[in-house]
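Structure at a glance
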Amino acid sequence: MDEPGAHELTELLLAWGDGDEAALARIAPLVHAELYRLAKRYMSRERPDHLLQTSALINEAYVRLIDWKAVRWQNRAHFFGVAAQMMRRILVDFARRRPRVDKDAEALQISLDEAMTISAEKDGDLLALDDALKSLAELDERKSRIVELRFFGGLSVDETAEVLKIAPITVIREWNKAKAWLYRELSSN
Amino acid sequence: MDPDLWKKVDALFEEALAQPLDKREAFVSEATKDNAELRDEVLSLLKAQEQASNFMERSAMKVAAARLAEDSNLTTSFSLLDKEIANYKIEKLLGAGGMGEVYLAHDTKLKRLVALKILPWHFVADTERASRFRVEARALSSLNHPNLITIYEVGEADGLHFIATEFVEGQNLSSLRGKLTLRELLAIAAQVAEALSAAHQAGIVHRDIKPDNVMVRPDGYVKVLDFGLVKLTQGTSVRTSQEMAKTQLGVAMGTLAYMSPEQAAGEPIDHRTDIWSLGVVIYELVTGRKPFTGKTRQETVHAILSTEPEPATSSDETLPSELDQILTKALEKDRELRYQTASDFRADIRRLLRMIDSSATASNPRAITSSFPNFIQRTWFWPVAVVVVLILAAIPLGWYLTRAKPALAPDWSRAVHLQLTNQPGTEFFPALAPDGKSFVYAAAENGNWDLFEQRVGGKNATRLTPNTPSEETEPAFSPDGERIAFRSNREPLGIYVMERTGENTRLVVAGCRHPSWSPDGKEIACSTRSQSAPTIRNSRPSALWIVDVATGAKRVLYENDAMQPAWSPGGNRIAFWYMPPSSGRSEVATISKSGGEIEVVANDAPTNWNPVWSPDGKFLYYVSDRSGNMGFWRVLIDEQTGKVLGDPEAVVTPSAFSRHLHFSRDGRRLIYVQTEQEQNIQGVKFDPKREKTVGDPFWITRGDQQINRPELSPDGTHFVMRVPRRAQDDIVIIQRDGTNWRDLTNDRPFDRYPRWSPDGKKIAFTSDRTGRYEIWTMDADGANLRQLSYDSPGDTSFPLWSPDGQRMLFRRRGVNVIVELNKDWASQTLEQLPVEPENPMVMWDWSPDGEKLIGTDSAGHVVCYSFETKQYEKILDNGSYPMWLADGVRFLYLADDKIYLSDIVTKRAREILPSQEMRLRSVGISRDGQLIYYSLYSGESDIWLLDLQ
């Protein structure tokens, strides 16, 4: 398949935001490729503790994938929102398609300490997180939007505030509470 | 949860968070005295909040990527079934192991089954190692031997690294344990030794010969699997000891029993380790037990290092004592005393086979046929074998088993080679008369092409076409051998027919080239363009016509692109080669004589062209550089449908560049052209004011090397250039006087289009060292090799430095892009030049003021691009390789084998250097304008014959 160019990609994203489901199929392979690229980098150079950085200003993937000049300023907020939703869809679909690792077999290979560390990483299970986020949306739409923008979209606090037209301090407060709620939700399983 | 309750929970949670950490719990208890549900909710959230500090603080993208990285012991993180990777559709999992997973896949382009090996993550994560792997895998893939698995492609798609190889149906040797007679086993072992010999000669050691790695096809053919891959996957530099331990363990446990003493002792190994392992395999399959075993790993290693196995004959008294001698020599612990080459080993096995056969024949001729493998079902083979046995019972039959090729395929490696012409210069397009006794060809005497006829084995050529300025090439005998069709550029240019003696010449059709007769002699297929080689072709499409010889009436059969048509002997199809749009590749296909869809025969990265049918119509031969050299390949094909029925196999010729093949009618003689070429640099002093050369041209280099596109360094002290070598292209620099040759690269990848940075410190070039063509830079001494572009689709090329050295332009994904050199790839924005209004262009030079680019488009025009206006302007209709003079207005270029000067204002062409005896291939000028240099090509092409009689 031909890869769409940056400009075309931007158009596709906006088209998807307007309800064109077919656009997603064109974008997903790019995100997957980016995912593999990142994964490879992690494996080859970076220690796991370096991964625990807070999100950059904007997800690195977007910088590479999106033709920002084509996104008009007044569209920016809308665009961020669509982009975050799209990332959520693609990443969760991606997680869904991965085969389940045989936990028992895996446990044999890693020491108990390591096993504990891994199970503590609740965010690793994007499928469960997605489900929990759906429950949160029923209870508290705004919190789930914030999570979608920040976590799936990789937006900064200020950008999230811009999209939702609320104060940054509100974003921080809501984000912290949403995190706690989701964490509890995932821990109880 | 009830929405009202949630609102209360949320509000209280927020208030609690505003309290100091140690006061929060008390605060909540105080506030929820009468509401236990509310209290439990908020307290549990507070607890979660304390633990969730790192939770979701990486973006989901990074989380997903990290999970993917953690799963690195899984080869892939998708279920691959029914997925497509590149053009391979995964059909089923064949196996999995330390090497990754192997799938049966369907090549949707070439419509054949392949085995697709997906490499494990931990392996490809290391980019350096992965790239070394690809480089070496390509070396492996250049090995062509009927007993080695053919590697079709080493590639990467969707982040997965894969190797596509021939898919072999059959049984592996371990599943045939106990089912083989000695003779069958030896015939198999001889083929394994033959494969080892071929690989060892190319410097490749298998390292893991064992019954599992030997496949026996139903037709008796043996294929050795995983050649060299063991070493490739283990790698030479190992990043983590843990990883190493894993691989070592995996390999060692399975195959310890077959390891040579030096291998088991962890000493350096060479090709003789494979000889030992094959000895173990033979011993095991003959006797039913392994020669060296132990209950533990240590015991096994001890046995390998210091015990002598019992003679094989001790297990069965009827075994010949020669077998013991062979095995003793193969299993010598001191490798200096072992068989030194696999071919010596094979020779002894073959001798033993012959002995077995002749003793069997002596006692009972029919015994041999019954000793043919009963596990092999060769329907076509039986009648042949029986007849041969009955008539020629004394002839050793081992040959049939080891060379169990389909009987219809001639083995050209057994042919006699005969040089037919040795005139200076070029002889092209030989065509054998149907009786194979004489041939016609085109030769350029004094630079003018004419047709000549010569007897095979004779010395004197007879000129068939008049010695006039018109040029005649591409002769083709009519099926009855009485007439010759050919191309002439006399007025009108087209296809003419004459009697074989050169008389009664008449025009058949104007505007067409490269005739091929229909088997009934009534029609001719021809292409509207033709070339002697694909490398010098532009991309203007060539149409395929069918012309009635008697009336000259033509019909257009195919318009997209078709060169050098070849009509099949059965008359059903026409083969041709073509260039898929903007791919730069050349591929082979066939089409029905009544039109319709084309059927692709070869469509892959190597250059494939010049298809010719075998006279029986069973095979399509073509010319390809898939082994590194430009040589002949053939593929089994259905002449009715054009469907490919097998894999390409190499046809041996003793030359690095063979082409223009043609058969005698009985298929026993193959005539073709061998080319030796050289390309050197010449210089001439230049006065840029008067626009005149000063003095005579002088050689800067001389020799049989091939120097492509030399470029003088900005300080005028060195040339950098590309030098093609066998299956690799390297970057070389020499001093301005042609001395002090130094390889900057000398390895398997194709390194091309080197360009000096404006400060003369670096060289940019294109290289496929990652498996795809990307832009690279290195220092002028070859150090600091650095990859500049990433993730290219494979067409990235033609780097060009901006005059300030800050940016670089190159062609990628069909457009010219510019990157900033001070940024890494991830943060590049890839400024794109506007799409060319007419034809895609390659930029050859950036004007010294930085404002303009000059280059050539695919139609051969010289075009200038202005950064200011963002417009392209066609300057000249015909020219190549334009290079600016210092004023950024005038430029040098090549046209019609001459060097010209022109400028973007008047666009007037001034001839600077007349035609040379040799062909001009590139031009350049020193920065001070005082030296023009250019590369000159000369080629010697002669006609050779392969004769099976």
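Residues numbered from 1 in each chain as written. Chains lettered and ligands numbered in written order. Predicted model: local features only at pLDDT ≥ 70, side-chain atom pairs only at ≥ 80, totals over all residues.

**Re the overall build of chain A**
Within chain A, the regular secondary structure consists of 10 helices and zero strands. Going residue by residue from the N terminus, the α and β elements of chain A occur as α-α-α-α-α-α-α-α-α-α. For chain A, with 189 residues in total, the buried portion stands at 34%. Of the contacts made within chain A by residues no fewer than 6 positions apart, 74% connect residues no fewer than 24 positions apart. (Helix = DSSP H or I, 4+ residues; strand = E, 2+ residues; numbered from the N terminus. Buried ≥ 20, exposed ≤ 12 C-beta atoms within 10 Å, placed from the backbone. Contact = placed C-beta atoms within 7 Å.)

**Considerations on the overall build of chain B**
When helices and strands are counted, chain B shows 17 helices and 55 strands. By residue count, 45% of the 949 residues in chain B fall in the buried class. Taking the intrachain contacts of chain B between residues at least 6 apart in sequence as the baseline, contacts between residues at least 24 apart amount to 48%.

**Comments concerning the packing of helix α7 (residues 126-139) of chain A against helix α10 (residues 168-187) of chain A**
Residue and element names in this part refer to chain A. Two elements in contact, α7 and α10, have axes whose closest approach is 10 Å; the angle formed by their N-to-C orientations is 120°. Comparing the axis directions of α7 and α10 gives the class oblique. As for the relative orientation of α7 and α10, their crossing is right-handed in sense. Across the interface between the two elements, Ala128, Leu129, Ala132, Leu133, Ser135 and Leu136 from α7 touch Ala178, Trp181, Leu182, Glu185 and Leu186 from α10. (Axes fitted to C-alpha atoms, helices over the stretch in contact; angles between N-to-C directions. Parallel < 35°, antiparallel > 145°, perpendicular 65-115°, else oblique. Left-handed = near helix turned anticlockwise from the far one by under 90°.)

**Looking at unusual backbone geometry**
Residue and element names in this part refer to chain B. A cis amide bond links Glu491 to the next residue, Pro492, at an omega of -5°. Tracing the sequence through the fold places Pro492 in the loop between β16 (483-488) and β17 (494-499). Its identity as a non-glycine residue notwithstanding, Leu830 has a phi of 55°, on the positive side. One can find Leu830 in the loop between β44 (815-820) and β45 (831-832). On the neighbour-count criterion, Leu830 (16 C-beta atoms within 10 Å) is partly exposed.

**Comments concerning the environment of B:Leu110**
Residue and element names in this part refer to chain B. Locating Leu110 in the fold gives a position in the loop between β3 (100-107) and β4 (112-118). Taking the number of C-beta atoms within 10 Å as the measure of exposure, Leu110 has 20 and is therefore buried. Separated by 494 residues in the primary sequence, Leu110 and Asp604 have C-alpha atoms spaced 8.8 Å apart. Residues within four places of Leu110 in sequence aside, it is in contact with Val600, Asn603 and Val644.

**Section: the environment of B:Leu885**
If you trace the backbone, B:Leu885 turns up in the loop between β50 (880-884) and β51 (890-895). Apart from the residues lying within four places of it in its own chain, the contact partners of B:Leu885 are B:Pro688, B:Arg890, B:Phe891, B:Ile925 and B:Gly929.

**Brief notes about the sheet that holds strand β42 (residues 797-801) of chain B**
With antiparallel pairing, four strands are arranged side by side in an open sheet as β42-β43-β44-β45 (chain B). Each edge of the open sheet carries a strand with a single partner, namely β42 and β45 of chain B. (Pairing = 2+ DSSP bridges.)

**Digging into the sheet that holds strand β27 (residues 608-613) of chain B**
Residue and element names in this part refer to chain B. Read from one edge of the open sheet, four strands run β27-β28-β29-β30, paired in antiparallel fashion. The open sheet has two edge strands, β27 and β30 (649-651), and neither has a second partner. Between one strand and the next, the sheet's axes are offset by a mean angle of 35°, whatever the strand orientation. Pairing analysis gives six bridges linking strand β28 (residues 619-624) to strand β29 (residues 631-636), with the strands arranged antiparallel. Within the sheet, the bridge partner assigned to Val623 lies in β29 and is Phe632.

**So, the confidence of the model for chain A**
Residue and element names in this part refer to chain A. Mean pLDDT for chain A: 67, with 58% of residues reaching 70 or above. Of all helices and strands in chain A, the one with the weakest mean pLDDT is helix α6 (residues 112-120) (29), whereas helix α8 (residues 141-152) scores best (92). The low-confidence segment residues 44-61, where pLDDT is below 50, has 32 contacts with residues more than four positions distant or belonging to other chains. Across residues 99-123, confidence stays below pLDDT 50; counting only partners more than four residues off in sequence or on other chains, it has 13 contacts. (pLDDT = per-residue confidence, 0-100.)

**Looking at α8(A)**
Residue and element names in this part refer to chain A. Its 12 residues place the ends of α8 16 Å apart at the C-alpha level, agreeing with the 16 Å of an ideal helix rising 1.5 Å per residue. For α8, every residue scored as buried is listed here: Lys143, Ser144, Arg145, Ile146, Val147, Glu148, Leu149, Arg150, Phe151 and Phe152. Following α8 by one or two positions, Gly154 adopts a phi angle in the positive range, close to 70°. (Expected span 1.5 Å × (residues − 1).)

**Side note on the confidence of the model for chain B**
Caution applies to low-pLDDT parts of the model: their predicted coordinates are not meant to be read in detail. Residue and element names in this part refer to chain B. Confidence in the prediction for chain B averages 81 pLDDT; 83% of positions are at 70 or higher. Under a pLDDT of 50 for its full length, residues 233-254 has, in the predicted model, 14 contacts with residues more than four places off or in other chains. Interface predicted TM-score (ipTM) for the complex: 0.78; the corresponding pTM is 0.43.

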